[in-house]
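What the coordinates show
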Amino acid sequence: TYRGKMRPGTDPVLVQAMDVLAGDIVGRLAPGTPQPPLVAAVQAELAAHGIALSGQLKLDLLTETDRARSRVLHRLAILRLPGVRRTQGPKLAMSGERTELWSLSEPLEQQAALIEAGAWGASLHDAARARLEDDLRQAQGRIGPLAEGLNQAAWAGLSALSDTLLRELRGAIAAEPRFEALGPALSVLHTLLRHGQMLGMADAPVLRVVIESGFDRALWLLEPPAAIAPADMQSHLEGHLALRRIVADVLAHAQDHSSDAPPLLDLEPARALAVWQRKAADPAASPLSRGAALGATLSLAGRTDDPHAQGESGAAEAMQLLQSLPAPVLGDALTGLLALAREQLASEPAFVAGMDRTVQALGNADFVRAMPSLRAAFAWLPPQE
């Protein structure tokens, strides 16, 4: 019931039976032995792309030939085929890295595994897609594993998934319990949606479904006040950044009067802006989240029909928030502001002068308590600023 060497404790009768029945020479199935169509399909794919399952294979992902080879190998990896292992390469499909290194071999169990994989489909494309869909279902709506699976789909060129799965994903994402889990995943998926032409993932329906559902869930999770653990601060900011990037994209399409195409994402930017405004004004919310929420609205000012603080008035609103907070968390709110609205605030003289007055006004004890979070906040600024 398992592969590999026999394990200690195996019944002696079974050990003797295996010794008699198993030889020490690797053979091949006789010609004409019935096998699933996938076996011949994989052999034909490997031959067509000049891939030999032996040794190391280095691929240049910026060439069409090697990109096609990469897709074949990633499909085999999705099928968990023994002997096909990527040892080097970018983690994200949209990474700028161009080199992949694969370790290829034909271990004893490979043929049996390929025959078993024939249950997923008759062609390599169909079998890999069916196995991937099953993996996505196993994620049970958790956005992190979903993003990993869809990143794998991008590598393997599997952009089209079943309508049934899309409906299941849309409902399942509503169960994601943590806002911090949504940010990094939404950022990766939105990048694939907008810039995945080379991978065949641009405008993929599955990406739209997951992003729209994740966007809706993220706003629900962001609304209530909640403490943020230090280990989750970066992920929390990435959540705000991902939402801001998506909203800015939808707003830019709406303002592009030369485009008659429908928007890629069916979202309401006004809803996100309303959540950010309530979050920024909520004294029970985490200072980091309040600063990020206000920074998001300031960075989007002028892109919506709803005019919001800009220039000196934006700086005044930011300073009003900072001056309402105790010294130990002053830097947390500033971190959120600079992470989301650095370009708007760091170049605004009124904000720089206001921050200078605020720090100068701190007593010695308050200054010491404020120092760690302020240093973390200023890390969002390049050296010159």
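Residues numbered from 1 in each chain as written. Predicted model: local features only at pLDDT ≥ 70, side-chain atom pairs only at ≥ 80, totals over all residues. Heavy atoms only, no water.

Focus: the overall build of the protein
The helix and strand inventory of the protein stands at 16 helices and 3 strands. Taken over the C-alpha trace, the protein has a radius of gyration of 27 Å; the compact-globule value for 385 residues is 21 Å, which it surpasses by more than 25%. Dimensions of the protein, computed from C-alpha atoms along their principal axes, come out at roughly 85 × 55 × 40 Å. By residue count, 43% of the 385 residues in the protein fall in the buried class. (Helix = DSSP H or I, 4+ residues; strand = E, 2+ residues; numbered from the N terminus. Rg over C-alpha atoms; globule rule 2.2 N^0.38 Å. Buried < 20%, exposed > 50% of the residue type's maximum accessible area, 1.4 Å probe, protein only.)

Things to note about the side chain of Glu133
Here Glu133 shows up in helix H5 (residues 124-138). Buried charge Glu133 goes without a salt bridge, the closest partner of opposite sign being Arg129 at 4.0 Å. Dropping the residues within four chain positions of it, Glu133 is found in contact with Leu161, Ser162 and Leu165. (Lys, Arg positive; Asp, Glu negative; His and termini not counted. Salt bridge = Lys/Arg side-chain N within 4 Å of Asp/Glu carboxyl O. Contact = heavy atoms within 4.5 Å.)

Considerations on the sheet that holds strand S2 (residues 84-88)
Taken in spatial order, the 3 strands make up an open sheet running S1-S3-S2, and their pairing is antiparallel. Looking at which strands have only one partner, the edges of the open sheet turn out to be strand S1 (55-60) and S2. Here the strands of the sheet are splayed against their neighbours by 30° on average, with no regard to which way each runs. Note that S2 and strand S3 (residues 99-104) share 4 bridges and pair antiparallel. Considered in S3, the bridge of Gln88 is made with Leu101. Contacts between helix H3 (residues 64-78) and the sheet are confined to S1, S2 and S3, with S1 contributing the most and set at about 125° to the helix. (Pairing = 2+ DSSP bridges. Axes fitted to C-alpha atoms, helices over the stretch in contact; angles between N-to-C directions.)

Considerations on the confidence of the model for the protein
Of all residues in the protein, 92% attain a pLDDT of 70 or more, and the chain-wide mean is 85. Least confident of the elements in the protein is helix H7 (residues 163-172), whose mean pLDDT is 71; most confident is helix H2 (residues 37-48), at 94. (pLDDT = per-residue confidence, 0-100.)

A look at helix H8 (residues 179-195)
Taking 1.5 Å of rise per residue, the 17 residues of H8 would be expected to cover 24 Å, and the 25 Å separating its terminal C-alpha atoms lies within 8% of that figure. When the local axis directions of H8 are compared, the greatest deviation, roughly 25°, occurs at Ala185. Where H8 is concerned, the buried positions are Phe179, Glu180, Leu182, Gly183, Ala185, Leu186, Leu189, His190, Leu192 and Leu193. (Expected span 1.5 Å × (residues − 1). Bend = angle between axes of the 7 residues up to and from the residue.)

Quick word on the nonpolar core
Grouped together as the largest cluster of nonpolar side chains are 82 residues, with contacts concentrated most on Val206, Leu243, Trp276, Leu322 and Phe351. If we skip the residues at most four places from it in the chain, Trp276 touches Leu222, His240, Leu243, Arg244, Val247, Ala293, Ala296, Thr297 and Leu300. Formed by 21 residues, the second largest nonpolar core is a distinct cluster that contains Leu53, Leu57, Val84 and Trp102. (Core = buried A, V, L, I, M, F, W, Y, C linked by side-chain atoms within 4.5 Å.)

Focus: the packing of helix H14 (residues 330-345) against helix H15 (residues 349-361)
Where H14 meets H15, the axes come as close as 13 Å, and the angle between the chain directions of the two elements is 165°. Considering their axes alone, H14 and H15 lie roughly antiparallel with respect to each other. As H14 runs across H15, the sense of the crossing is left-handed. Across from Leu330, Leu334, Leu338 and Leu345 in H14, the residues of H15 making contact are Phe351, Val352, Met355 and Thr358. Class assignment for the residues of the contact of H14 with H15 results in 7 nonpolar, 1 polar and no charged. (Parallel < 35°, antiparallel > 145°, perpendicular 65-115°, else oblique. Left-handed = near helix turned anticlockwise from the far one by under 90°. Nonpolar A, V, L, I, M, F, W, Y, C, P; charged D, E, K, R; others polar.)

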